[in-house]
Amino acid sequence: NQFMSMVKSGHNPEQLMISLLEQRMKGTPMGDNLIKLAKEGNGAEIEKIARNIAAQRGMDFDKEFAAFKRQLGLM
């Protein structure tokens, strides 16, 4: 996984995520809002948005987030 190799080589994970958001979502209302929140360090609001999106899609946020963390080797 390219993201994890960059983190392991000393890159800042928060800055990597902001860069990823900017590459993929900049210029969209949700993307611009997420980028702003990330730059402000407002993880609680980002989690709230993610939980709402998961609920709208009929997904279990906690289960999906745990799978994401396992994929990144964080669990």
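Everything below is about the structure shown above.
Residues numbered from 1 in each chain as written. Predicted model: local features only at pLDDT ≥ 70, side-chain atom pairs only at ≥ 80, totals over all residues. Heavy atoms only, no water.

(A) Highlighting the layout of surface pockets. Quantified by volume, the largest pocket comes out at close to 1600 Å³. Residue lining of the largest pocket: 39 residues in total, with Met17, Leu21, Ile46, Phe65 and Phe68 positioned closest to the centre. The set of elements that each furnish at least two residues to the lining of the largest pocket consists of α1 (2–8), α2 (13–25), α3 (29–40), α4 (43–56) and α5 (61–71). Of the residues forming the lining of the largest pocket, the biggest block, 11 residues, is contributed by α2. (1 Å grid on protein atoms, 1.4 Å probe; cavity = no way out; pocket = protein on both sides within 12 Å on 5 of 7 lines; lining within 4 Å. Points joined across faces, edges and corners; volume = space filled by probe spheres on them. Helix = DSSP H or I, 4+ residues; strand = E, 2+ residues; numbered from the N terminus.)

(B) Here's a closer look at the nonpolar core. Within the largest apolar cluster, five residues are counted, these being Leu21, Leu34, Ile35, Leu37 and Ile49. Per-element tally for this core: the top contributor is α3, with three residues. (Core = buried A, V, L, I, M, F, W, Y, C linked by side-chain atoms within 4.5 Å. Buried < 20%, exposed > 50% of the residue type's maximum accessible area, 1.4 Å probe, protein only.)

(C) A look at the pattern of salt bridges. Here the structure, examined in full by the defined rule, presents four salt bridges. Via salt bridges that share partners, Glu47, Arg51 and Asp62 belong to a single interconnected network. (Salt bridge = Lys/Arg side-chain N within 4 Å of Asp/Glu carboxyl O.)

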